[in-house]
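Structural description and commentary
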Amino acid sequence: MQDQNFLITVDFIENGNKLNEFSQGLINLEQDIKDLENTIESQDKNNIFVRKLMQEHDKKADIYNQEIEIYKRLKYERYKETIAMIEKLERLTESDLQAMKAPTDLYNKLLDVLKENVNLLKPKLKDRIRYKFM
């Protein structure tokens, strides 16, 4: 197996980076929506400019709700990837680590970090069931 030479694959790291970028985009979109809400609240609702802002708000809110669902799905996929990575690492023996020239303390630290992350990524039971059958 080619990726056995590495403790963590490039794809695993890139997928984590993509999830982080996506979540940052959600945070930015959420802030845009809040800014629009604050602007709209302080204005006369009959003003045509305010009505256009309200339409823009509604569009962004719809996009945000759709992206939240995508984010949940990506997070679930990352959860599954992390579990698979933990299982792969736990199968490694001391001789495997020596062959890869991987320090045991680094290996243990990596495994601990992945286990912490999998707990943070773990979706609610209803979401895990839903995504499993999609």
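Attention here is on the structure that accompanies the text. The structure presented is a predicted model; accordingly, all values stated were derived computationally and were not measured. (Residues numbered from 1 in each chain as written. Predicted model: local features only at pLDDT ≥ 70, side-chain atom pairs only at ≥ 80, totals over all residues. Heavy atoms only, no water.)

With phi around 60 degrees, Lys101 is a residue other than glycine that occupies positive phi space. Topologically, Lys101 is positioned in the loop between α3 (94-100) and α4 (104-121). (Helix = DSSP H or I, 4+ residues; strand = E, 2+ residues; numbered from the N terminus.)

Together, Leu125, Ile129 and Phe133 make up a nonpolar patch on the protein surface, roughly 350 Å² of accessible area in all. With respect to the secondary-structure elements, Ile129 resides in helix α5 (residues 125-132). (Patch = residues over 30% accessible without salt bridge, like charges linked within 9 Å, V, L, I, M, F, W, Y side chains within 5 Å. Areas by Shrake-Rupley, 256 points an atom, 1.4 Å probe, with all protein chains shown as cover. Salt bridge = Lys/Arg side-chain N within 4 Å of Asp/Glu carboxyl O.)

Note on aromatic pairs: each is described by the distance of the centres and the angle between the planes. Under the definition given, this model contains two aromatic pairs. Relative to Tyr71, the ring of Phe22 has its centre 6.3 Å away and its plane inclined at 0 degrees; by these criteria the two rings are stacked. Of the two residues, Phe22 is situated in helix α1 (residues 10-41) and Tyr71 in helix α2 (residues 48-91); the sequence distance between them amounts to 49 residues. With a relative accessible area of 23%, Phe22 lands in the partly exposed category. Accessibility expressed as a relative area gives 22% for Tyr71, which makes it partly exposed. (Phe/Tyr/Trp six-rings, centres within 6.5 Å; stacked < 30°, edge-to-face > 60°. Buried < 20%, exposed > 50% of the residue type's maximum accessible area, 1.4 Å probe, protein only.)

Any two packed helices are characterised by how steeply their axes cross, that is the angle between the axes, and by the distance between the axes. In contact at an axis separation of 9 Å, α1 and α2 are set at 155 degrees when each is read in the N-to-C sense. Taken together, α1 and α2 sit at an angle that is classed as roughly antiparallel. By crossing handedness, the relation of α1 to α2 is classed as left-handed. (Axes fitted to C-alpha atoms, helices over the stretch in contact; angles between N-to-C directions. Parallel < 35°, antiparallel > 145°, perpendicular 65-115°, else oblique. Left-handed = near helix turned anticlockwise from the far one by under 90°.)

Which parts of space are left empty comes out when a probe the size of a water molecule is rolled across the atoms. Volume-wise, the largest pocket comes out at about 210 Å³. Along the walls of the largest pocket sit 15 residues, with Gly16, Asn20, Arg78, Asn117 and Leu121 positioned nearest its centre. For the lining of the largest pocket, the secondary-structure elements that each account for two or more residues are α1, α2 and α4. In the lining of the largest pocket, the residues fall into eight nonpolar, five polar and two charged. A volume near 170 Å³ is recorded for the second largest pocket. Elements supplying a minimum of two residues to the lining of the second largest pocket: α2 and α5. Looking at the lining of the second largest pocket, the element that brings in the most residues is α2, giving four residues. For the lining of the second largest pocket, a count of residues per class yields five nonpolar, no polar and six charged. (1 Å grid on protein atoms, 1.4 Å probe; cavity = no way out; pocket = protein on both sides within 12 Å on 5 of 7 lines; lining within 4 Å. Points joined across faces, edges and corners; volume = space filled by probe spheres on them. Nonpolar A, V, L, I, M, F, W, Y, C, P; charged D, E, K, R; others polar.)

Inspection of the secondary structure assignment puts His57 in helix α2. There is a polar contact of 3.3 Å between the side chain of His57 and the side chain of Asp58. When neighbours within four sequence positions are excluded, His57 is seen to be in contact with Ile33, Leu36, Glu37 and Ile40. (Polar contact = N/O pair within 3.5 Å; in protein donor to acceptor, adjacent residues only side chain to side chain. Contact = heavy atoms within 4.5 Å.)

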